[in-house]
Amino acid sequence: MFKRIFKGYFKVNLLVKITVGLVLGVIFGAILGKHILWVQPFGDLFVNLLKMVVVPIVFASLVVGASSINPKQMGKIGIKIFIYYMITSAAAVALGLLMGNLFAPGKGMQLNAGGEATLSNALNTPPPSFSETLLNIVPSNPFEAISSGNVLQIIFFALLLGIAISILKSSEDVSKQELGKLFSQFFTAIAEATFIIVGWIMQYAPIGVFALIAVVIAKGGTQSLEQIGILILATFVGYVLQVVLVYSGLVRLFRLSPIRFFKGIRSAMLTAFVTRSSSGTLPVSMEDCEENLGVEGDVYSFSLPLGATINMDGTAIYLGVCVIFLANAVGSPLTFGQQMTVILTAVLASIGTAGVPSAGLFMLAMVMKAVGLPLEAGTAVAAAYAMVAGADSILDMGRSWVNVTGDIAGTCIVAKTEKQLDLSKWK
């Protein structure tokens, strides 16, 4: 019987399981109140599992992402699409922060009130200024940065290492080429193995979400539900504004029809929304670019895989809103300097966000650390993070939709500037 239940559990869609865990956590937390607090260790276990894989997945993914940019292909097309990706990512995280400040999700919750949960000492330490953050981005010891979880230093070193590997792979010296390929395969193997571990952790996620949400509801009441709703609303408003204002505006700026653009990528947008995967949507995105939008293969065969690796505008919006929510929820609103740090960290970290379901949840933990909100089991930060985790599947649909739309918009714009776009498809 237990074997049948165990097998049945793994056959159920993860989104369904997490949603059920969230709903049951709300119900049991509201009904049983403090009598449900005994489940907290199950939630703490989930938090510890997430922390375990954050640094490996971010470091390996960043190295793989940076090493995938072939310097020989970084001609006009590569430079243009890379600049586009960086600009739209910065706009996205700024938009996310704007939505967070306007909607103020989590404001007034004060999960740390009454000593119910203790914030990390990092929250009581004045955050470094933005200029200090920039100066401290270069690690004196990369291994120390990795072991201590220094986010910006990890990102900086991983990007340099990835670019160096890319140069090795494209070297005319055969021995250096082989070394570059070996290093690339090594970090790719680490990333893929970590993704497998992430898959295991996400199978435990429904239980962890149930426990964490039940404890949050038991301690904070139904106000927590209202704040989750505001969080989801703020994030999706940011998603829509990014697509309608930023992408449509850029497409129109280059004298292309936004209406024709959206009609041409309906399949890709729907696939991204349902599968919650930028990488998994690649075949559909490529087909839409060629068949519906008239983009030549030389452009989309380079820009779309690159975008699925380093362009995560939806994730950037998500990070901006969620960090504001977390800071408000624990009664420690972000300063202007901290919000600038979020922009810098999120733009750089987006390069290492894998185009797979729920990857943004792990990136969020890194950005939290950068602004003095470390994820520690049993703290108010962990309780607020649990609320985000409970809603992550819904938020993930929207951010994948934005990611893919942004990739295709950039591809069309670059193709137009390079005269590799069949304009008859846009009539």
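Report follows, based on the coordinates. In this convention, every chain numbers its residues from 1, walking through the sequence in written order. Reporting in this predicted model follows two pLDDT cut-offs: at least 70 for local features of residues, and 80 or more for side-chain atom pairs to be given and counted; totals over whole chains, interfaces and linings ignore these cut-offs and use all residues. Neither water nor hydrogens contribute to the side-chain values; these are computed over all heavy atoms in the structure.

### Section: unusual backbone geometry
Peptide bonds are trans in most cases, and residues, glycine excluded, mostly fall at negative phi. Phi is positive for Ala104, which is not a glycine, with a value near 50 degrees. Only protein chains enter the calculation, and the probe is 1.4 Å; a residue is then buried if its accessible area is under 20% of its type maximum, exposed if over 50%, and partly exposed in between. When its relative accessible area of 18% is taken as the criterion, Ala104 is described as buried. Its identity is not glycine, yet Lys419 carries a phi of approximately 55 degrees, on the positive side. Comment: elements are numbered from the N terminus, with helices defined as DSSP H or I runs of at least four residues and strands as E runs of at least two. Along the chain, Lys419 turns up in the segment after helix 17 (380-417).

### Concerning the nonpolar core
Most often, soluble globular proteins have nonpolar side chains that are buried together. We call a set of buried residues a nonpolar core when its members are Ala, Val, Leu, Ile, Met, Phe, Trp, Tyr or Cys and they connect through side-chain atoms within 4.5 Å of each other. In terms of nonpolar packing, the biggest core is built from 122 residues, with Leu364 and Ile408 touching the most fellow members. Element by element, the count of residues in this core is highest for helix 17, at 21 residues. Residue contacts are counted whenever heavy atoms from the two residues lie within 4.5 Å of one another. When sequence neighbours within four positions are dropped, the list of residues in contact with Leu364 reads Tyr318, Leu319, Cys322, Val323, Leu326, Tyr385 and Val388.

### Observations concerning the environment of Val402
In this fold, Val402 is placed in helix 17. Spatially, the C-alpha atom of Val402 lies 8.4 Å from that of Thr315, the residues being 87 residues apart in sequence. With residues up to four places along the chain from it excluded, the contact list for Val402 reads Tyr239, Gln242, Val243, Tyr247, Asp313 and Gly314.

### Some remarks on the pattern of salt bridges
Note on definitions: salt bridges are taken to be side-chain nitrogens of Lys or Arg within 4 Å of carboxyl oxygens of Asp or Glu. On inspection of all chains with the given rule, the structure shows two salt bridges. In this structure, Glu418 and Lys80 form a salt bridge, with 2.6 Å as the shortest nitrogen-oxygen distance. In this pair, Glu418 is assigned in the segment after helix 17 and Lys80 in helix 4 (residues 76-103), connecting sequence segments 338 residues apart. The exposure class assigned to Lys80 is partly exposed, which follows from its relative accessible area of 30%. Between Arg399 and Asp396 there is a salt bridge whose closest N-O contact spans 3.1 Å. Of this pair, Arg399 and Asp396 are both found in helix 17, three residues apart, which corresponds to roughly one turn of the helix. Asp396 shares its class with Arg399; the two are buried.

### Overview of the packing of aromatic side chains
Only centres within 6.5 Å qualify two rings of Phe, Tyr or Trp (six-membered ring in Trp) as a pair; their planes then separate them into stacked at under 30 degrees, edge-to-face at over 60, and tilted for everything else. Counted according to the given criterion, the structure contains eight aromatic pairs. An aromatic cluster is built from Phe59, Phe157, Phe186 and Phe187, whose rings are joined through pairwise contacts. Taking the ring centre of Tyr318 as reference, the NZ or CZ of Arg399 above it sits at 4.0 Å. By the criterion adopted, a ring carries a charge over it if an Arg CZ or a Lys NZ lies within 6 Å of its centre and within 35 degrees of its normal.

### Digging into the side chain of Asp44
As for its placement among the helices and strands, Asp44 is situated in helix 3 (residues 40-67). When near neighbours in sequence (up to four residues on either side) are disregarded, Asp44 contacts Leu212, Ala377 and Gly378.

### Brief notes about the packing of helix 4 against helix 17
All axes are obtained by fitting lines to C-alpha atoms, using only the stretch in contact for helices, and the reported angles, taken between N-to-C directions, cover 0 to 180 degrees. Relative to each other, helix 4 and helix 17 sit at 140 degrees, their axes nearing to 10 Å. Relative to helix 17, helix 4 is oriented oblique. Where helix 4 crosses over helix 17, the handedness of that crossing is right-handed. Mapping the contact onto sequence places Ile77, Lys80, Ile81, Tyr84 and Tyr85 in helix 4 and Gly406, Asp407, Ala409, Gly410, Thr411, Ile413, Val414 and Thr417 in helix 17. Polar here means any residue other than Ala, Val, Leu, Ile, Met, Phe, Trp, Tyr, Cys and Pro, which are nonpolar, and Asp, Glu, Lys and Arg, which are charged; Gly is therefore polar. The class makeup of the residues in the contact of helix 4 with helix 17 is seven nonpolar, four polar and two charged. An angle below 35 degrees is treated as roughly parallel, one above 145 as roughly antiparallel, one from 65 to 115 as roughly perpendicular, and anything else as oblique. Left-handed describes a crossing in which the near helix is turned anticlockwise from the far one by less than a right angle; the clockwise case is right-handed.

### Section: the environment of Gln242
Looking at where Gln242 falls in the secondary structure, it is placed in helix 9 (residues 223-253). Gln242 gets classed as buried once you look at its relative accessible area, which sits at 0%. Taking the C-alpha atoms as reference, Gln242 lies 8.7 Å from Thr88; in sequence the two are 154 residues apart. Leaving out residues up to four positions away in the same chain, Gln242 has contacts with Thr88, Ala91, Ala92, Leu95, Tyr247, Asp313, Ile317 and Val402. There is a polar contact of 3.5 Å between the side chain of Gln242 and the backbone oxygen of Thr88. Contacts described as polar in this section are N or O atom pairs within 3.5 Å, which, within protein, must combine one atom able to donate a hydrogen with one able to accept it, while residues neighboring in sequence count only if both atoms come from side chains.

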